[in-house]
Amino acid sequence: MSLVFAGICSHAPGITGRAQMADQAMREEFYRAYHGMGEALAAAQPEVLIIVAAEHFANFFMNNMPAFAVGMAGSYEGPIEDPQWLGIPRVTIPGNAPLSLRLIRDMMQTVDLSYAEEWKFDHGVMVPLSFLTPRYDLPVIPVNINCQGPPLAPLHRAWALGEALRRAADSSPERIALVGTGGISHWPATPDSGRVNEPWDREFLRRWQSNDKAAMLSYTDEGTYREAGQGGFEIRTLISIAAAARGQGRVQHYRPIPIFAVGCTVATMSIGA
Amino acid sequence: MQKFLFDINRDPELQRQCRADLPAILKRYELSGEERGALEAGDIGLIYVLGANGQLLMHYAAFLGMPWADYLGAMRSGVTRHGPVRAGVYSMTTRLDEKVADL
Ligand SMILES: [Fe+2]
């Protein structure tokens, strides 16, 4: 089998941690779309969920920072943050170590990866899981792209990572769901938290939906930093999903919610040949 | 300084030790006098200006019991008192009096 589902979503910690501070109607609409993505994911009957995220110094730090890392643990614990602060209880999530090993071996044919047998999930993974698999029963394999501590892998390498993921998935018998989470423009955890560049986001989503590789790879980190903040570096995760899915995207939800510090995004992509 | 924040954010035992004797724990880290003073005083605004990545700093603010609105305000006041952020990619891009978080 191969990929049976692909999508992208936001992961800002405020989505769950500051839920009560948001406008109720806006929050409900977003949550409905997010849960809807979880239902679509379940309907695809995956055996495992690969989540491409951009962690925030939960496991990796500037003393030894991998550009790309893939989890190879039998199980994962999260959130690493204070559960009360994040609004998500601490749980153990099953992994699939043998599949991780096979995927990593295959991906390494074209992309140099780090692997990790110990990995704690931060909000970058936990916020998506809390909506997509709220019983935390679907095995997860985390993939991380360093989007926090520059120098960062160039965008075309994020694309190559997605291609490697697809090739590895194609040679696996398992039914695999793939979700990317990050961005789009935002200035999280700064005094500017809440600032969102909506036109920039909509243009990025247009490029992503039409799977326009050249347009997606034409962003520069200087331009992204200026227009979309340091949170914009996380578009790497979204770009890798487009490379892996090779399909056309559909946006189920996009709306900036300032107290969540992000343009709240839920989108899926068809699996192309 | 960021190494200390990284360590304390992910280690409940270190959090407990810091509550008991923060200066003793900070002795283990290579810090400038300004960094040490800011950490000992819990001066989130100055720690921010000195270049702490927000993804590290927001958890330290929560550890100090600071609500979200106060955390954003503390960073803004840090920039008012000490000038622009001196290192890293988490600098402030809005005006000093701007409110962007709907708070
Ligand atoms: Fe993030």
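My aim in this report is to walk through the structure given alongside it, one point at a time. These figures come from a predicted structure and were not determined experimentally. For every chain, the first residue of its written sequence is number 1, and the numbers climb from 1 along that sequence. Working convention: letters from A go to chains and numbers from 1 go to ligands, in the order in which they are written. Local features in this predicted model are restricted to residues whose pLDDT is 70 or higher, and side-chain atom pairs enter the listing and the counts only when it is 80 or higher, whereas totals over whole chains, interfaces and linings include all residues. The basis for every side-chain value is the complete set of heavy atoms in the structure, and neither hydrogens nor water enter the calculation.

### Some thoughts on the overall build of chain A
Part 1 of the reasoning: Helix and strand definitions follow DSSP, with helices as H or I runs of at least four residues and strands as E runs of at least two, each counted in order from the N terminus. Check the secondary structure of chain A and you find ten helices and ten strands.
Part 2 of the reasoning: Radius of gyration here is computed from C-alpha atoms only, and the compact-globule reference equals 2.2 Å multiplied by the residue count raised to the power 0.38. Relative to the compact-globule value of 19 Å for 273 residues, chain A shows a C-alpha radius of gyration of 17 Å, a close match.
Part 3 of the reasoning: Projected onto its principal axes, the C-alpha coordinates of chain A cover approximately 45 × 40 × 40 Å.
Part 4 of the reasoning: Relative accessible area decides the class of each residue, using a 1.4 Å probe on protein chains only: under 20% of the type maximum gives buried, over 50% gives exposed, and in between gives partly exposed. Within chain A, buried positions represent 66% of all 273 residues.
Part 5 of the reasoning: Contacts between residues were defined by any pair of non-hydrogen atoms, one from each residue, lying within 4.5 Å. Excluding contacts between residues fewer than 6 apart, the proportion of contacts in chain A whose partners are at least 24 apart in sequence is 81%.
Part 6 of the reasoning: As displayed, chain A offers around 9,700 Å² of accessible surface, 49% of which is attributable to carbon and sulfur atoms. Each accessible area is a Shrake-Rupley result for a 1.4 Å probe, and residues are judged covered by the shown protein chains and nothing else.

### Let's talk about the packing of helix α6 (residues 155-170) of chain A against helix α10 (residues 235-245) of chain A
Two numbers describe a pair of packed helices, the interaxial angle and the distance between the axes.
All names here are of chain A.
Part 1 of the reasoning: Relative to each other, α6 and α10 sit at 40°, their axes nearing to 7 Å. Between α6 and α10, the interaxial angle falls into the category oblique. Classified by chirality, the crossing of α10 by α6 is right-handed. Across the interface between the two elements, Leu155, Ala158, Trp159, Gly162, Glu163 and Arg166 of α6 pack against Ile235, Arg236, Ile239, Ser240, Ala242, Ala243, Ala244 and Ala245 of α10. Every angle, taken between N-to-C directions, lies between 0 and 180 degrees, and every axis is a line fitted to C-alpha atoms, over only the stretch in contact when it is a helix. Throughout this description, any angle smaller than 35 degrees is read as roughly parallel, any larger than 145 degrees as roughly antiparallel, any in the 65 to 115 degree range as roughly perpendicular, and the remainder as oblique. Crossing chirality is assigned from the near helix's rotation relative to the far helix, an anticlockwise turn below a right angle marking it left-handed and a clockwise turn marking it right-handed.

### Notes on the coordination of the iron ion
Residue and element names in this part refer to chain A.
Part 1 of the reasoning: Water is not part of the atom set, so a site may look incomplete; the donors themselves are N, O and S atoms within 2.8 Å of the metal, or 3.2 Å for Na, K and Ca. Within the protein, the iron ion binds to His11 (NE2), His56 (NE2) and Glu234 (OE); these donor distances fall in the range 2.0 to 2.1 Å.
Part 2 of the reasoning: Written as a sequence motif, the donor residues of the iron ion are H-x44-H-x177-E. Of this pair, His11 sits in the loop between β1 (3-9) and α1 (14-17) while Glu234 is found in the loop between α9 (221-228) and α10, placing the two residues 223 residues apart along the sequence.
Part 3 of the reasoning: On the accessibility criterion, His11 (4% relative accessible area) is buried.

### Observations regarding helix α4 (residues 97-107) of chain A
Think of an α-helix as 3.6 residues a turn; residues three or four steps apart then line up on the same face.
All names here are of chain A.
Part 1 of the reasoning: All of the buried residues in α4 are Leu99, Ser100, Leu103, Ile104, Asp106 and Met107. Buried residues in α4, looked at end-on, bunch into an arc of 165°, giving them a common side. Exposed residues lying more than 90 degrees from the buried face of α4 are Pro98 and Arg105.
Part 2 of the reasoning: Contact partners of the buried residues in α4: β2 (48-53), β3 (68-71), β4 (75-78), β6 (114-116), β7 (140-145) and α6. Summarising the geometry, the arc corresponds to the directions from the helix axis toward the C-beta atoms.

### A closer look at the sheet that holds strand β8 (residues 176-181) of chain A
Residue and element names in this part refer to chain A.
Part 1 of the reasoning: When DSSP finds two or more bridges between a pair of strands, those strands are recorded as paired. Sheet architecture is open: eight strands sit in the order β6-β3-β7-β2-β8-β1-β10-β9, paired in mixed fashion. Two strands lie at the open edges of the sheet, namely β6 and β9 (249-257), each paired on one side alone. The mean inter-strand angle of the sheet, taken between neighbouring strand axes irrespective of direction, is 15°.
Part 2 of the reasoning: Taken together, the five bridges between β2 and β7 define a ladder with parallel strand orientation. For Val52, the partnering residue across the bridge sits in β7 and is Val143.
Part 3 of the reasoning: Each of β1, β2, β8, β9 and β10 (262-269) is contacted by helix α2 (residues 24-43), which is oriented at about 150° to β9, the strand it contacts most.
Part 4 of the reasoning: Packed on one face of the sheet, helix α7 (residues 198-209) meets β1, β9 and β10 and runs near 170° to β9.

### Details of the nonpolar core
Part 1 of the reasoning: Counting residues in each nonpolar core, the largest one holds 88 residues, and the members touching the most others are Phe4, Tyr60 and Tyr71 of chain B.
Part 2 of the reasoning: The biggest single contributor to this core is α2 of chain A, with seven residues.
Part 3 of the reasoning: Residues in contact with Tyr60 of chain B, not counting those within four places in the same chain, are Phe4, Leu5, Ile8, Asn9, Leu22, Leu39, Ile44 and Ile47 of chain B.
Part 4 of the reasoning: As used in this record, nonpolar core signifies buried Ala, Val, Leu, Ile, Met, Phe, Trp, Tyr and Cys residues forming a set joined through side-chain atoms within 4.5 Å. Among the nonpolar cores identified, the runner-up in size contains 54 residues, and Ile50, Val143, Cys147 and Phe233 of chain A belong to it.

### Some words on the pattern of salt bridges
Should their charged atoms come close, side chains of opposite charge can pair.
All names here are of chain A.
Part 1 of the reasoning: Here, a salt bridge means any Lys or Arg side-chain nitrogen found within 4 Å of an Asp or Glu carboxyl oxygen. Following the criterion strictly, the structure yields 15 salt bridges over all chains and no others.
Part 2 of the reasoning: We note a salt bridge from Arg255 to Glu29, for which the minimum N-O separation is 3.8 Å. Of this pair, Arg255 sits in strand β9 while Glu29 sits in helix α2, and the two are 226 residues apart along the sequence.
Part 3 of the reasoning: Assessed through its relative accessible area of 33%, Arg255 is described here as partly exposed.
Part 4 of the reasoning: Residue Glu29 is classed as partly exposed on the basis of its relative accessible area, which comes to 37%.
Part 5 of the reasoning: In this structure, Arg202 engages Glu198 in a salt bridge whose closest nitrogen and oxygen atoms are separated by 2.9 Å. Of this pair, Arg202 and Glu198 both sit in helix α7, four residues apart, roughly one helical turn.

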